[in-house]
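Fold and geometry: a report
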Amino acid sequence: MAKPDNRGDNVVHLQKAIDHTMENMREAEDFVKAHAGEMNPEDVADIKAKNERREQAIEGFREEIRDEAKYQARK
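Remember, predicted model here, so these are calculated numbers, not experimental data.

**Digging into the pattern of salt bridges**
Inspection of the entire model under this criterion finds 3 salt bridges. A salt bridge links Glu-23 to Arg-26, with the shortest nitrogen-to-oxygen separation between them at 3.2 Å. Taken together, the residues span about one helical turn, with Glu-23 and Arg-26 both in helix 1 (residues 10-35) at a distance of 3 residues. Across the pair Arg-66 and Glu-59 runs a salt bridge, and its minimum N-O distance is 2.7 Å. A residue is classified by how much of its surface remains accessible, and Glu-59, at 40% relative accessible area, is partly exposed. Taken together, the shared-partner salt bridges connect Glu-59, Glu-63 and Arg-66 into one network.

The rules behind the values
Residues numbered from 1 in each chain as written. Predicted model: local features only at pLDDT ≥ 70, side-chain atom pairs only at ≥ 80, totals over all residues. Heavy atoms only, no water. Salt bridge = Lys/Arg side-chain N within 4 Å of Asp/Glu carboxyl O. Helix = DSSP H or I, 4+ residues; strand = E, 2+ residues; numbered from the N terminus. Buried < 20%, exposed > 50% of the residue type's maximum accessible area, 1.4 Å probe, protein only.

This is how it looks when you write it as structure tokens:
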């Protein structure tokens, strides 16, 4: 039998994902700042592209939080 959908802690999990993703972005930016001169330009571009994807993921997480708030308000 399937477990019932427990949405009570979704926002907490989503916020943790946002925090973790933002930390990864900061670490990547700091790494590039510190080592860009020693790095292959293609690797720098790859890191920057990955951070752009992380920004998109964060926006997706925030949209999910907004959806969850709407769901909670209807209850």
